[in-house]
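Understanding the architecture of this molecule
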Amino acid sequence: MPQHVLVFSEPPSALWVVALPLLGVCAKALLTRILLLRKPLPPGPSFFARWWHDLKSNELLPVKFMRWSEVYGGVISVMDSVHLGQNTIVLCTPKAATDLLEKRGNIYSSRPKNVIASDICYRGFKGSLQQAGTKLKRFRTLMNATMNADASRSYRPLEDAESRLLLRELLEVSPNKYVDHVQRALHSVAFYSAYGLRIDHLYPEHTEFYRKLEKFFRENNLPGKYLVDHFPILLYLPSPLQWFRKAADEQGKNEELFFLQCLSQTKMVVSKGSSFGTTAARALEKQKLYDYSDAEVAITSSAPYTAGVMTTYSNFEVFILAMLLYPRAMKQAQSDIDAAVGRERLPSFEDLDSLPYIRALIKELGRWHPPASLGLPHATSEDDVYEGMFIPAGSTVIANIYAITRNTELFPEPEEFRPERFINNPDPFFKNYSVTFGFGRRICPGQHIANDQLFVLITRILWAFDIVAQEDGFDPLRHRYPLRPRFGMVPSLPYKLVPRAESIRPIITEEGLLAEKDVQAWESFSFK
Ligand code: HEM
């Protein structure tokens, strides 16, 4: 029944509004527990053990899950105070993640119910939160069409031009400005893949808008966080009593407004005959067939932009950290680049095949310090049994990417940064390594764009510069430590880029001038 038809003869008292859901929560948790106990779920700490532990410790989730997996096995079941009896399975080994999320992807590719972010904020239009069904199929078709390995090559000319502009900026600006310039280049490519427009300048309002969007998503993609996730009946309360929706409503309206503005600029460039093949242009082509409103086209098309900037930037920060802490890896990479490219020209995508160490280094960055240590939660759409363990339909299934990348059989001394792990290793797991990007049918569709961007940035920076700590007498060994899993930035060490030779200056200046002309081929987004 639509919300606005529901009429209350008397508004429920505030006491009931609070007490009823609370009673419901307890009853639901108990009932779920009793029902599930009849079948052997994957093992895991008891509800009370978890609750008690949560009270005493603020250990990060990926570490906690990894520790429990050492006691209970690679597939653990957790039901905690956050999940309120909702069954949550955590996969901590590559085998379990591959067996379930990839080989049985037909039933492990949904997302958990998320009322606040998916239903309220994004009105069901946010692709990365889409549950199994027709909308998800359409979203993935759109993503694959615009970002599969072949389609991603069409973004290389822009990635190439942006990175040449960036190189010139990095040569000219002071170290405290590096972050702004690197982020602008990454915003530009991700935004182009979404709306067919580059970003030539990042205004503070734009950066602030993006920061809020990211924060909202990070804080609200934890399934089962809110009461209303478990009791959607609360959505039938009259709007003023729905205390949980204000911030989500507001965030949703701001994003919709902004992305509609982006879409209207896409329509202009499409009408001029450019930007074909980017996400919004394709979504517009399918608009009638998919019965998308303009708002749905606008928000669906935002996916590469909202998911693709800070993840890639975070990997870039890991690169800087790795080069500071492992200067031998930096020297090795530089000598390979010099041997394959020489000192007379910038490296380019043409050099990809002749730079195996760089390709391995990029894989190792994501392995050493994955930007999304728990990925995005999957959910099951049918009951399943795995190695004698029952996994009910509707379970949240989390791949603990952090634990998988710390597997000592596959990655001896996992805290060490060692690109060599990925060189001449015929094991298909290493050859096609993509754990950093998630699993199965929900694997990150932007992985090729991310890898291309990292390749061209990293290779060019190492060709041109030494990455050096700002601290006098910096001792890398003193700074090495077991890395904490994360959902965002790494703790960065202040660094500077020192030209490796004077001869790079005229080459970079010249390439910068050429890139200025090249980027005129793309229309820029105008932030109003
Ligand atoms: C190094 C950079 C990146 C990392 C580490 C990364 C990682 C991830 C992970 C772990 C997921 C969840 C996968 C799963 O559910 O199993 C994901 C989803 C996604 N990523 Fe990325 N990503 C990166 C860059 C990008 C880029 C550059 C784009 C687009 C230009 C992008 C677009 C997306 C989208 C649209 C989704 C949602 C897919 C879905 O729900 O079906 N990502 N990413």
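Predicted, not measured: the structure shown is a model, and the values here were computed from it.

A look at the overall build of the protein
Across its full length, the protein carries 24 helices and eight strands. Taking all 528 residues of the protein together, the buried fraction comes to 54%. Residue pairs at least 24 apart in sequence account for 77% of intrachain contacts in the protein once pairs closer than 6 positions are excluded. Total accessible area on the protein stands at roughly 24000 Å², and carbon and sulfur atoms take up 58% of it.

Some details on the coordination of the iron atom of the ligand
Note on metal sites: the ideal angle is 109.5 degrees for four tetrahedral donors, and 90 or 180 degrees for six octahedral donors. Just one protein atom coordinates the iron atom of the ligand, and that atom is Cys 444 (SG), at 2.3 Å. One can find Cys 444 in the loop between helix 21 (428–431) and helix 22 (447–464).

Brief notes about the site of the ligand
Arg 111, Arg 140, His 378, Arg 442 and Cys 444 are the nearest of the 27 residues found near the ligand. Within the side chain of Arg 140, one N or O atom sits 2.7 Å away from an oxygen atom of the ligand. Between an oxygen atom of the ligand and a side-chain N or O atom of Arg 442, the distance comes to 2.7 Å. Mapped onto the shell around the ligand, the elements with two or more residues apiece are helix 6 (134–147), helix 16 (303–308) and helix 17 (310–325). Here the shell around the ligand is built from residues that sort into 13 nonpolar, 11 polar and three charged.

Some points on the nonpolar core
Core analysis: the largest hydrophobic core is formed by 81 residues, its most contacted members being Phe 319, Met 323, Leu 462 and Ile 467. When residues in this core are grouped by element, the largest group, 11 residues, is from helix 17. Leu 91, Leu 101, Tyr 108 and Val 435 belong to the second largest nonpolar core, which has 23 residues in total.

Remarks on the UniProt feature "binding site: heme" (unreviewed entry) in the protein
When the UniProt feature table is mapped onto this chain, "binding site: heme" (unreviewed entry) is found at Cys 444. Residue Cys 444 is classed as partly exposed on the basis of its relative accessible area of 27%.

Looking at a nonpolar patch on the surface
Residues Phe 48, Trp 51, Trp 52 and Leu 55 make up a contiguous nonpolar surface patch of about 520 Å² in total accessible area. Residue placement: Leu 55 occurs in helix 2 (residues 47–56).

Topic: the environment of Asp 338
Relative to the helices and strands, Asp 338 is located in helix 18 (residues 327–341). Not counting the four nearest positions on each side in its chain, Asp 338 is found in contact with Arg 343, Trp 463 and Arg 500. Within the structure, Asp 338 has its side chain in polar contact with the side chain of Arg 343 (distance 2.9 Å). A distance of 2.6 Å separates the side chain of Asp 338 from the side chain of Arg 500, its partner in a polar contact.

A word on the pattern of salt bridges
If you walk through the whole model with that rule in mind, you get 33 salt bridges. Between Asp 160 and Arg 164 there is a salt bridge whose closest N-O contact spans 3.0 Å. With Asp 160 and Arg 164 both in helix 8 (residues 156–172) and four residues apart, the pair spans about one turn of that helix. Comparing Asp 160 with Arg 164 shows no difference in burial state: the two are buried. Members of the salt-bridge network, linked through shared partners, are Asp 160, Arg 164, Arg 460, Glu 511 and Asp 518.

Quick look at unusual backbone geometry
Phi at Asp 291 is positive, roughly 55°, even though this residue is not glycine. If you check the backbone angles, Glu 387 has positive phi at about 45° while not being a glycine. Here Glu 387 is to be found in the loop between strand 4 (384–386) and strand 5 (389–391).

Details of the packing of aromatic side chains
One pass over the structure, following the stated rule, counts 30 aromatic pairs. A ring pair is formed by Phe 191 and Tyr 195, whose centres lie 5.2 Å apart and whose planes are at 40°; its orientation type is tilted. Residue Phe 191 and its partner Tyr 195 are both found in helix 9 (residues 178–195); the two are separated by four residues, about one turn of the helix. Exposure remark for Phe 191: the relative accessible area of 0% places this residue in the buried category. Classification of Tyr 195 as buried rests on a relative accessible area of 0%. Grouped by ring-pair contacts, the aromatic residues Phe 191, Tyr 195, Tyr 203, Phe 209, Tyr 210, Phe 258, Phe 259, Tyr 305, Phe 525 and Phe 527 constitute a single cluster. Note that Lys 126 overlies the ring of Tyr 122, its terminal NZ or CZ placed 4.6 Å from the centroid.

Here we look at helix 24 (residues 504–518)
Over its 15 residues, helix 24 runs 20 Å from end to end, which matches the ideal 21 Å to within 8%, given 1.5 Å per residue. Of the positions making up helix 24, those classed as buried are Ile 504, Ile 507, Ile 508, Gly 512 and Ala 515. Burial along helix 24 is one-sided: seen end-on, the buried residues are contained in an arc of 135°. Structural note: helix 24 exposes Pro 506 and Lys 517 on the side pointing more than 90 degrees away from its buried face. On its buried side, helix 24 packs onto helix 8, helix 22, strand 7 (465–469) and strand 8 (495–499).

Focus on the pairing of strand 2 (residues 88–91)
Burial along strand 2 is two-sided: Thr 88 and Val 90 and Ile 89 and Leu 91, pointing in opposite directions, are all buried. When strand 1 (residues 75–78) meets strand 2, the two strands line up antiparallel, connected through four bridges. Bridging across to strand 2, Ser 77 finds its partner in Ile 89. Summarising the sheet, strand 2 and strand 6 (residues 396–399) pair through four bridges and their orientation is parallel. Looking across to strand 6, one finds that Val 90 is bridged to Ile 398.

The rules behind these values
Residues numbered from 1 in each chain as written. Predicted model: local features only at pLDDT ≥ 70, side-chain atom pairs only at ≥ 80, totals over all residues. Heavy atoms only, no water. Helix = DSSP H or I, 4+ residues; strand = E, 2+ residues; numbered from the N terminus. Buried < 20%, exposed > 50% of the residue type's maximum accessible area, 1.4 Å probe, protein only. Contact = heavy atoms within 4.5 Å. Areas by Shrake-Rupley, 256 points an atom, 1.4 Å probe, with all protein chains shown as cover. Donors = N, O, S within 2.8 Å, 3.2 Å for Na, K, Ca; no water. Near = heavy atom within 4 Å. Polar contact = N/O pair within 3.5 Å; in protein donor to acceptor, adjacent residues only side chain to side chain. Nonpolar A, V, L, I, M, F, W, Y, C, P; charged D, E, K, R; others polar. Core = buried A, V, L, I, M, F, W, Y, C linked by side-chain atoms within 4.5 Å. UniProt positions renumbered as here; feature names shortened; annotations may be inferred. Patch = residues over 30% accessible without salt bridge, like charges linked within 9 Å, V, L, I, M, F, W, Y side chains within 5 Å. Salt bridge = Lys/Arg side-chain N within 4 Å of Asp/Glu carboxyl O. Phe/Tyr/Trp six-rings, centres within 6.5 Å; stacked < 30°, edge-to-face > 60°. Lys NZ or Arg CZ within 6 Å of the ring centre and 35° of its normal. Expected span 1.5 Å × (residues − 1). Arc of directions from axis to C-beta. Pairing = 2+ DSSP bridges.

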